[in-house]
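A look at the structure
The primary structure of each chain is shown beneath.
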Amino acid sequence: MIYLDNASTTKPAEEVLEIYQEAQKSLFFNSESLHAGGEMVREALDSSRKYIQKKFNTKKEVLFTTSGSHANQIAITTYLQQAPEGRVIVSPYEHPSIAAALEPFSKQFEILEMPLNQKGEIDLAGLAELITDETVLLIAQHVSSETGYILPVHEIAAMGAEQNIPVHVDGVQAVHKIADMHIDDFTSYTFSGHKFNGTKGSGALLIDHKSLRPTNIHYFHEEGTRNGTLDVPSILAMTKALSLDADIAHLEKIYQHALTRAVDANFTVLKYNHHAPHIIGLLTPHFEGQYIMQTLSSRNICISTGTACGHGLLLSDGLMHKINDEHQEADQYIRISFSKNTQINEIDQCFEQIETILKGVALDEPS
């Protein structure tokens, strides 16, 4: 099988699985237990927190979550429970978990989308006009999960800092994909282990200590932000995955090769001024993306037509804006995404099959 849906999830590395299995055997204790077993687990978790802080060169609090979506929910709830009312400004490229986290607050707060320019990128001047004294939170993905667009999160963070507004950044698609992080520019930052060759079931929220608050008086884990026994093996696996070589240079090589093959096949490439090297968003040459995806799947090649959390159907407002600017239709969209394990010959095989599919459809059309 050729797997090109790595923005959805990645294959766990062998070193990661070894750590996971060993932790299941020897660190199965509850981190809240007061006996020696619980102390062993707490020491392991403390080591993981310190490693993550060192990796990101930050003193932010490290809270362990069940996923990136869960981390986003904790962050947004933490901020908005502290504010009686106001304006929340969110990028139009966000993962569905952001809308889910905002929904309970939709009647209490005015929620606005950041404006876009003609290229489908964040219009920073327009955003500056939206920020008022009533603005209580800015939210943006670091990298779009649909297109690989690197949003201007540092410029957004500077606007927030100037007016003392918290800035939450979803970094799920950025960790191990772009080298220049500087997360201390943001009030909080989230990521998820299974996006960079860890196991599923663990994520992290990195948040400024001054912003941290319990989200529920009945929550007793992770500084009162969640309930549920911590999945220690998954957390240690995530930490191990974070320590492995990201091999961003290889991702960039794969991306450029896929870009060339896509253009040669007459696809429209959704391009931005700043782009992560592991996702390429494409519009098919007037055939439905769903048909191409399903036909490739029947040939053991996996791509996608949208975020897996939306069953491959939900497209963000930002992506829709970009597609409309190309004068094409949403059902022409497909996403191909890579990991450091992806090989050039896999890209070639994928596009050879795509070209065969497109020729077959063309032959079936009435003359």
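Notes on the structure follow. (Residues numbered from 1 in each chain as written. Predicted model: local features only at pLDDT ≥ 70, side-chain atom pairs only at ≥ 80, totals over all residues. Heavy atoms only, no water.)

**Focus: the packing of helix α1 (residues 14–26) against helix α7 (residues 232–243)**
Threshold: To define axes, lines are fitted to C-alpha atoms, for helices over the stretch in contact only, and angles between the resulting N-to-C directions are given on a 0 to 180 degree scale. Helix and strand definitions here come from DSSP, where helices need a minimum of 4 consecutive H or I residues and strands a minimum of 2 consecutive E residues; each element is numbered from the N-terminal end. For classification, angles of less than 35 degrees are called roughly parallel, those exceeding 145 degrees roughly antiparallel, those between 65 and 115 degrees roughly perpendicular, and all remaining angles oblique. Definitions for this section: a left-handed crossing has its near helix turned counterclockwise from the far helix by less than a right angle. A right-handed crossing has that turn clockwise. Contacts were defined at the residue level, with two residues in contact if any of their heavy atoms lie within 4.5 Å. Residues are sorted three ways: Asp, Glu, Lys and Arg are charged, Ala, Val, Leu, Ile, Met, Phe, Trp, Tyr, Cys and Pro are nonpolar, and all the rest, Gly among them, are polar.
The geometry of α1 relative to α7 is characterised by a closest axis approach of 8 Å and an angle of 155° between their N-to-C directions. Taken together, α1 and α7 sit at an angle that is classed as roughly antiparallel. Here α1 runs over α7; the crossing is right-handed. Within the contact between the two elements, α1 uses Glu 15, Val 16, Ile 19, Tyr 20, Ala 23 and Gln 24 and α7 uses Pro 233, Ser 234, Leu 236, Ala 237, Lys 240 and Ala 241. Among the residues forming the contact of α1 with α7, the class breakdown is 8 nonpolar, 2 polar and 2 charged.

**Overview of the sheet that holds strand β10 (residues 279–283)**
Sheet strands pair by backbone hydrogen bonding; their relative direction is either parallel or antiparallel. Rules: At least two DSSP bridges between two strands are needed for those strands to be called paired.
Strand order in the open sheet made by the 3 strands is β9-β10-β12, with antiparallel pairing throughout. Strands at the two margins of the open sheet, each flanked by one partner only, are β9 (268–269) and β12 (333–337). Examined bridge by bridge, β9 and β10 share 2 bridges and lie antiparallel to one another. Among the inter-strand pairings, Thr 268 is bridged to a residue of β10, identified as Leu 283.

**Things to note about the pairing of strand β4 (residues 109–113)**
A regular strand places its side chains so that they alternate between the two faces of the sheet. To be explicit about the condition: Seen with its strands pointing away from the viewer, a crossover is right-handed when the path leading from the first strand over the helix to the second is clockwise.
Summarising the sheet, strand β3 (residues 86–90) and β4 pair through 5 bridges and their orientation is parallel. In the sheet register, Arg 87 faces β4, and the bridge partner there is Glu 110. You can see the chain leave β3, run along helix α4 (residues 96–102) and come back into β4, and the turn it takes is right-handed.

**Points about the side chain of Glu 94**
What counts is decided by this rule: Exposed residues in this analysis have more than 50% of their type's maximum accessible area, buried residues have under 20%, and partly exposed residues fall in between, with area computed by a 1.4 Å probe over protein chains only. Only four residue types enter the tally: Lys and Arg on the positive side, Asp and Glu on the negative side, with His and both chain ends excluded. Any Lys or Arg side-chain nitrogen found within 4 Å of a carboxyl oxygen on Asp or Glu counts as a salt bridge. Two N or O atoms form a polar contact when they lie within 3.5 Å of each other; inside protein one atom must be a possible hydrogen donor and the other a possible acceptor, and for residues adjacent in sequence the pair counts only when both atoms belong to side chains.
Following the sequence through the fold, Glu 94 ends up in the loop between β3 and α4. Here Glu 94 occupies a buried position and makes no salt bridge, while the nearest side chain of opposite charge, Lys 195, is found at 13 Å. Reaching out from Glu 94, the side chain makes a polar contact with the side chain of Ser 91 at a distance of 2.4 Å. A distance of 2.7 Å separates a polar side-chain atom of Glu 94 from the backbone nitrogen of Gln 141. Not counting chain neighbours up to four residues away, the residues in contact with Glu 94 comprise Ile 139, Ala 140, Gln 141, Leu 151, Asp 170 and Ser 316.

**Let's talk about the pairing of β3**
Most of β3 is tucked away, with 5 of its 5 residues classed as buried. Pairing between β3 and strand β5 (residues 135–141): 4 bridges, direction parallel. By the bridge assignment for β5, Arg 87 is matched with Thr 135.

**Section: the layout of surface pockets**
Applicable threshold: Using a 1 Å grid laid over the protein atoms alone, points where a 1.4 Å probe fits but cannot get out form a cavity; open sets with protein on both sides within 12 Å along at least 5 of 7 lines form a pocket; any residue with an atom within 4 Å of a point counts as lining. Grid points are joined across faces, edges and corners, and a volume is the space filled by probe spheres set on the points.
In this structure, the largest pocket occupies an estimated 350 Å³ of space. Around the largest pocket, the lining comprises 18 residues; the ones closest to its centre are Asn 164, Ile 165, Pro 166, Thr 187 and Lys 210. In terms of residue count, the dominant contributor to the lining of the largest pocket is helix α6 (residues 153–162) (3 residues). Of the residues in the lining of the largest pocket, the class split is 9 nonpolar, 5 polar and 4 charged.

**Examining empty space enclosed by the protein**
Overall, the coordinates contain 1 cavity of 30 Å³ or more when judged by the stated rule. Each pocket or cavity is described by its volume, and for the largest cavity that value is around 60 Å³. Lining the largest cavity are Thr 10, His 176, Lys 177, Lys 195, Phe 196, Asn 197, Ala 246, Leu 251, Phe 338, Ser 339 and Lys 340. Class assignment of the residues belonging to the lining of the largest cavity gives a composition of 4 nonpolar, 4 polar and 3 charged.

**A closer look at the pattern of salt bridges**
Within the structure shown, the criterion is met by 7 salt bridges. The network of salt bridges with common partners includes Arg 261, Asp 348 and Glu 355.

**Details of the environment of Gly 148**
The residue Gly 148 is located in the loop between β5 and α6 in this model. Gly 148 gets classed as buried once you look at its relative accessible area, which sits at 0%. Along the chain, Gly 148 and Asn 345 lie 197 residues apart, while their C-alpha atoms are 22 Å from each other. Residues within four places of Gly 148 in sequence aside, it is in contact with Val 143, His 274, His 275, Ala 276 and Ile 279.

**Examining the nonpolar core**
Let me state the cut-off plainly: In this text, buried Ala, Val, Leu, Ile, Met, Phe, Trp, Tyr and Cys residues form a nonpolar core when linked through side-chain atoms within 4.5 Å.
Counting 53 residues, the largest nonpolar core has Ile 52, Phe 56, Val 175, Met 181, Tyr 189, Phe 191 and Leu 206 as the members making the most contacts within it. Counting residues per element, this core draws most heavily on α7, at 7 residues. Apart from residues no more than four positions distant in its own chain, Met 181 is found in contact with Phe 56, His 142, His 154, Ala 174, Val 175, Phe 186 and Tyr 189. Counting residues in each nonpolar core, the second largest holds 28 residues, with Leu 4, Ala 258, Leu 282 and Ile 354 among its members.

**Describing the packing of helix α2 (residues 36–55) against α7**
In the contact formed by α2 and α7, the axes pass within 10 Å of each other and the chain directions differ by 30°. The angle between the axes of α2 and α7 places the two elements in the roughly parallel class. For the pair α2 and α7, the crossing hand works out as left-handed. On α7, the residues touching Val 41, Ala 44, Leu 45, Ser 48, Tyr 51, Ile 52 and Lys 55 of α2 are Val 232, Ile 235, Leu 236, Thr 239, Leu 242 and Ser 243.

These figures come from the coordinates and say nothing about function on their own.
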